[in-house]
Amino acid sequence: MRVPVVSVAVVAIGCALAACGGSSGSSGTASSSAVAGATSTAPATTEDPATTAVPLAPPPAATDIEAAGASRIGDLGEPDWLAIAGGSTWAAGVGDGIGRLDPKTGALHGSVAVPGAVCLAMDVGFGSLWAGSCGAQPSILRIDPRKGKVIAAIPIEASDLSPESSIAAGEGAVWVQTADADLVKIDPATNAVVTKVKAADGIVALRAGLGALWATDVTNNTLQRLDPADASVQAEIPVGDGPRFLAIGEGAVWVLNQADGTVTRVDPTTNSATATIPVDAGAIDGGDIAVGGRSAWARVSGSLVVEIDPSTNTATAAYGPPHGSGSVAANGAAVWVSAHDVSAVWRLPRS
């Protein structure tokens, strides 16, 4: 079940010791192609985010996701964090830890055992699925997504991994935040921890891509651009209220702002916010965000999921009805949405 996450701006019910985020093609899949951006060693704080006209337009009314053609896969345990990798969809909180779902039918085809609970969003990179095993002996699991096997279990020296955070796989390394407020860097060539640095106060989630390591700061309501070599701050970009989960794709970084129910689009070439898009009428409990199938997808509370068109920076569709909290993942074939409180995953075809 989800655990409460308390921030300065909002009390967010998080994707519990099952999970809630996603990765590339899901919320976290990060492109490793570099994009020019600020590279100075001193932090550069930009102006307030560029937004659409105020007041912002409300999100669209929700269409029933099953009436729109989605299939519901039930009795999966407590499915939460989702990721698409190796020709399968992966759902934490299913089976022995992370369930493997058929990409066309959603049928469960086995699972990967996890020693502890998956309390933060998974990511995809370096030909692998990366997941965090939380608990007394925290570790990062590197999974071969085609064979469905753990190929490395990397111990993390910490009291635990940071819950309601996310793994960042890209830009030459894998990063994770601990419950002790450290950022840990793993070399995917050796599957070993190579660096540990103290995270700034307020850092809650990570992703990597577009030439940087990115981190949401819930204390200052900013997105931080970090040097992927040493996690030093290169820029601080104002976003919405209560930022947490983030995704990379369509040439941008997308930040889900839990407290005000919006998504901020950030341009990595200028380190500035270019749009603020309402996706919920109120605060979001938990939630998630992904980019895939030429759209961004926000897992929200007022409905299940909201689609954002990157060409117009507008929310173009919403699907419901609402069900607790969960995750979202997407590619050109389908959008996947989980809700652990009703033990369900929906697959909405896109083609």
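Structure's up top.
This text gives an overview of the structure that appears in the document. Quantities reported herein were computed from a predicted structural model and do not represent experimental measurements. (Residues numbered from 1 in each chain as written. Predicted model: local features only at pLDDT ≥ 70, side-chain atom pairs only at ≥ 80, totals over all residues. Heavy atoms only, no water.)

What to know about the overall build of the protein chain
Step number 1: Secondary structure summary: the protein chain contains zero helices and 31 strands in total.
Step number 2: Taking as baseline every contact in the protein chain between residues at least 6 positions apart, the subset at least 24 positions apart corresponds to 54%.
Step number 3: Here the protein chain has roughly 12100 Å² of accessible surface; of this, 53% comes from carbon and sulfur atoms. (Helix = DSSP H or I, 4+ residues; strand = E, 2+ residues; numbered from the N terminus. Contact = heavy atoms within 4.5 Å. Areas by Shrake-Rupley, 256 points an atom, 1.4 Å probe, with all protein chains shown as cover.)

A few points about the side chain of Arg265
Step number 1: In this structure, Arg265 sits in strand 23 (residues 262-267).
Step number 2: Buried and unpaired, Arg265 has no salt bridge, with Glu250 as the nearest side chain of opposite charge at 6.5 Å.
Step number 3: Contacts of Arg265, omitting those with residues within four sequence positions, involve Glu250, Ala252, Val253, Trp254, Ser272, Ala273, Thr274, Ala275, Pro310 and Asn313. (Buried < 20%, exposed > 50% of the residue type's maximum accessible area, 1.4 Å probe, protein only. Lys, Arg positive; Asp, Glu negative; His and termini not counted. Salt bridge = Lys/Arg side-chain N within 4 Å of Asp/Glu carboxyl O.)

Remarks on unusual backbone geometry
Step number 1: Geometrically, the link from Gly320 to Pro321 is a cis peptide bond, its omega value of 5 degrees lying close to zero.
Step number 2: In this fold, Pro321 is placed in the loop between strand 28 (314-320) and strand 29 (328-330).
Step number 3: Despite not being glycine, Phe126 has its phi angle at roughly 55 degrees, a positive value.
Step number 4: Topologically, Phe126 is positioned in the loop between strand 9 (123-125) and strand 10 (128-133).

With respect to the sheet that holds strand 26 (residues 295-299)
Step number 1: The sheet built from five strands is open, its strands ordered 3-28-27-26-25 with mixed pairing. Only two strands of the sheet have a single partner each, and these edge strands are strand 3 (62-64) and strand 25 (288-292). With direction set aside, neighbouring strand axes in the sheet form an average angle of 25 degrees.
Step number 2: In terms of strand pairing, strand 27 (residues 305-309) meets strand 28 through five bridges, oriented antiparallel. Within the sheet, the bridge partner assigned to Asp309 lies in strand 28 and is Thr314. (Pairing = 2+ DSSP bridges. Axes fitted to C-alpha atoms, helices over the stretch in contact; angles between N-to-C directions.)

With respect to the sheet that holds strand 31 (residues 344-349)
Step number 1: Read from one edge to the other, the open sheet built from four strands follows the order 4-31-30-29, with strand pairing classed as antiparallel. Each edge of the open sheet is held by one strand with a lone partner, namely strand 4 (71-74) and strand 29. Along the sheet, successive strands turn relative to each other by an average axial angle of 15 degrees, direction set aside.
Step number 2: Alignment of strand 30 (residues 334-339) against strand 31, held across six bridges, turns out to be antiparallel. Across the sheet, residue Ala339 finds its bridge partner in strand 31, namely Ala344.

Examining the nonpolar core
Step number 1: Grouped together as the largest cluster of nonpolar side chains are 34 residues, with contacts concentrated most on Ile98, Met122, Trp254, Leu256, Val263 and Val279.
Step number 2: With three residues, strand 22 (residues 252-257) is the single largest residue contributor to this core.
Step number 3: Not counting residues up to four positions away in its chain, the partners in contact with Val263 are Trp254, Val255, Leu256, Asn257, Ala275, Thr276, Ile277, Val279, Ile289, Ala298 and Ile308. (Core = buried A, V, L, I, M, F, W, Y, C linked by side-chain atoms within 4.5 Å.)

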